[in-house]
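# What the coordinates show
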Amino acid sequence: MLTSGALVSPSDALLTDLPAPAPQAPRTHGAKLWLPQRVVFTPDALDEEFGQQILARVSAQNLEVELLKSNRLTGLRGDDVRATYRTAKNTLAVVKAPAGALRLQPTPPSADWQLNLAEGCPAHCQYCYLAGSLSGPPVVKAFANLPQLLANTATYEQPGRVTSFEASCYTDVLGIEHLTGSLAAAVRHFGTREGAQLRFVSKYDHVGALLGLPHQGRTRARFSLNAEPVVRRLEGGTASVEARIQAMRRLALPVAQGGGGYPVGVVLAPIMPIPDWQRYYAELLDRLHAAFDFDCDLTVELITHRFTPGSKDVLLQWYPNTSLDLAEEGRAVKRNKFGGLKYVYQPEQMKTMKAWFYAEWQCRFPAAPVQYWT
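Here we summarise the structure given alongside this text. (Residues numbered from 1 in each chain as written. Predicted model: local features only at pLDDT ≥ 70, side-chain atom pairs only at ≥ 80, totals over all residues. Heavy atoms only, no water.)

### Re the overall build of the protein
- Helix and strand counts for the protein stand at 11 helices and 17 strands.
- Scaling as 2.2 N^0.38, a compact globule of 374 residues should have a C-alpha radius of gyration of about 21 Å, and the protein matches this with 20 Å.
- Taking the principal axes of its C-alpha atoms as reference, the protein extends roughly 60 × 55 × 45 Å.
- Of the contacts made within the protein by residues no fewer than 6 positions apart, 79% connect residues no fewer than 24 positions apart.
- Carbon and sulfur atoms form 52% of the exposed surface of the protein, whose accessible area is close to 16400 Å². (Helix = DSSP H or I, 4+ residues; strand = E, 2+ residues; numbered from the N terminus. Rg over C-alpha atoms; globule rule 2.2 N^0.38 Å. Contact = heavy atoms within 4.5 Å. Areas by Shrake-Rupley, 256 points an atom, 1.4 Å probe, with all protein chains shown as cover.)

In structure tokens form, the structure reads like this:
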């Protein structure tokens, strides 16, 4: 049952038919380094100097490398959807981003423009927003022509204001950083751009390589957080909530105290009204408040769970035994200007949750703005 005052609908029990879990001590484990079973390089990727740097990083991890004879990726499909998923999720393909990648797309409300350093993610989140967004098997593709992609952002900067670029639309850049070095390269680049800001978000905790970089306050490091039951059941292969909080604290601490001195942010997503949701989310906010006992540049983004018919179909093929409720009954339909639709919570339920999260956040972090609710 939801606590008193919350609205009840058929979609409230998002973790389907499961009782509220008994209280458990928070987990503290970090994420394991992702070491793919297969690493492939296309010929045009190896023609790039940055592609050679990725090759050196991959080789340092003692991973076997396959040099493809053409720029076409092959061998990613298995006998069925699940086999294809497993194969792709265990593959890193280093490729040259196509010319279309230089035509940046707007990505409000997160940032002004997308900046994709890679596509595909090593995590196994059962609500994955990449499902239905990227075509083909969910292989992780790292872009070898990164310097070209970074230089291209200057043409999108707008005089008189700070232009923001989101690096996490289609990947978790921190989750693959030990193999690519792409995030550190982007941080250094934006450290030289007075009119621009880089933004990324992660569920991983390997932040050591980001400490000491000359970011000049122009990279905001955000971490995706959620209630313990959601993370435990739905976010496979990621760092624990506590490890993410401590990684964010480490990046936010002043350099003089051994930290990175970064602007940081919380992406609370996807918010789900699981049984006893107020208690679990209040516990999360309390832990965050305890960790951030110093002044820093902190923001929050509040994002509720939603799905499209296409993503639902893909997710149920990837995770046929998921406990995530993807029932359309009880949801409201939201349409975009192109006629596409997504299933969101009912307006009254959204209103109730929004009021609660705004109040609870602001009472703990009065100086940290809520950037948006969606």
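There's more to say after this.
### Thoughts on helix 2 (residues 49–60)
- For helix 2, built from 12 residues, the straight-helix expectation of 16 Å at 1.5 Å per residue is met to within 8% by its first-to-last C-alpha distance of 17 Å.
- Considered for burial, the residues of helix 2 that qualify are Phe50, Gly51, Ile54, Leu55 and Val58. In a view along the axis of helix 2, the buried residues occupy a sector of 150°, so they form one face of it. The exposed set on the far side of helix 2, more than 90 degrees from its buried face, consists of Glu49 and Ala60.
- A positive phi of about 60° marks Asn62, the residue just after helix 2. (Expected span 1.5 Å × (residues − 1). Buried < 20%, exposed > 50% of the residue type's maximum accessible area, 1.4 Å probe, protein only. Arc of directions from axis to C-beta.)

### So, the packing of helix 9 (residues 277–291) against helix 11 (residues 347–364)
- Their axes nearest at 10 Å, the elements helix 9 and helix 11 cross at an angle of 25°. Between helix 9 and helix 11, the interaxial angle falls into the category roughly parallel. Crossing of helix 9 against helix 11: the hand is right-handed. Here helix 9 contributes Trp277, Gln278, Tyr281, Ala282, Leu285, Asp286, Leu288 and His289 to the contact with helix 11, which in turn contributes Met353, Trp356, Phe357, Glu360, Trp361 and Arg364.
- Here the contact of helix 9 with helix 11 is built from residues that sort into nine nonpolar, two polar and three charged. (Axes fitted to C-alpha atoms, helices over the stretch in contact; angles between N-to-C directions. Parallel < 35°, antiparallel > 145°, perpendicular 65-115°, else oblique. Left-handed = near helix turned anticlockwise from the far one by under 90°. Nonpolar A, V, L, I, M, F, W, Y, C, P; charged D, E, K, R; others polar.)

### Things to note about the sheet that holds strand 9 (residues 163–166)
- An order of 4-5-9-10-11-13-14-17 is seen for the eight strands of this open sheet, with the pairing classed as mixed. Looking at strand neighbours, the two that pair on one side only are strand 4 (106–107) and strand 17 (370–373), the edges of this open sheet.
- Sheet topology places strand 9 next to strand 10 (residues 196–202); four bridges connect them, and they run parallel. Among the inter-strand pairings, Glu166 is bridged to a residue of strand 10, identified as Arg199.
- On the sheet, helix 6 (residues 182–190) packs against strand 9, strand 10 and strand 11 (219–225) and is oriented at approximately 155° with respect to strand 10.
- Seen against the sheet, helix 11 touches strand 13 (264–271), strand 14 (298–304) and strand 17 and runs at an angle of roughly 170° to strand 17. (Pairing = 2+ DSSP bridges.)

### A short note on the environment of Asp297
- Checked against the element boundaries, Asp297 lands in the loop between helix 9 and strand 14.
- Taking relative accessible area as the criterion, Asp297 reaches 39% and is therefore assigned partly exposed.
- A sequence separation of 10 residues divides Asp297 from Arg287, and the C-alpha atoms of the two residues are 18 Å apart.
- If we skip the residues at most four places from it in the chain, Asp297 touches Arg220, Pro263 and Val264.
- Within the structure, the side chain of Asp297 is placed 3.0 Å from the side chain of Arg220, a separation counted as a polar contact. (Polar contact = N/O pair within 3.5 Å; in protein donor to acceptor, adjacent residues only side chain to side chain.)

### Some points on the environment of Leu68
- Mapped onto the elements, Leu68 comes out in the loop between strand 2 (65–67) and helix 3 (81–89).
- Spatially, the C-alpha atoms of Leu68 and Pro366 are 54 Å apart, while their sequence positions differ by 298 residues.

### Notes on the pairing of strand 1 (residues 38–41)
- Of the two faces of strand 1, the one carrying Arg38 and Val40 and the one carrying Val39 and Phe41 are both buried.
- Sheet topology note: the strand 1/strand 3 (residues 91–95) ladder contains four bridges and is parallel. Among the inter-strand pairings, Val40 is bridged to a residue of strand 3, identified as Ala93.

### Observations concerning the packing of aromatic side chains
- Within this structure, the stated rule accounts for 14 aromatic pairs.
- Judged by centre distance (4.8 Å) and plane angle (85°), the rings of Trp356 and Phe357 are edge-to-face.
- Look at Phe357 and you get buried, because its relative accessible area is 1%.
- Among the aromatic residues, ring-to-ring pairing joins Trp277, Tyr281, Trp356, Phe357 and Trp373 into one connected group.
- The residue whose ring lies beneath Arg279 is Tyr280, and the NZ or CZ to ring-centre distance is 4.5 Å. (Phe/Tyr/Trp six-rings, centres within 6.5 Å; stacked < 30°, edge-to-face > 60°. Lys NZ or Arg CZ within 6 Å of the ring centre and 35° of its normal.)

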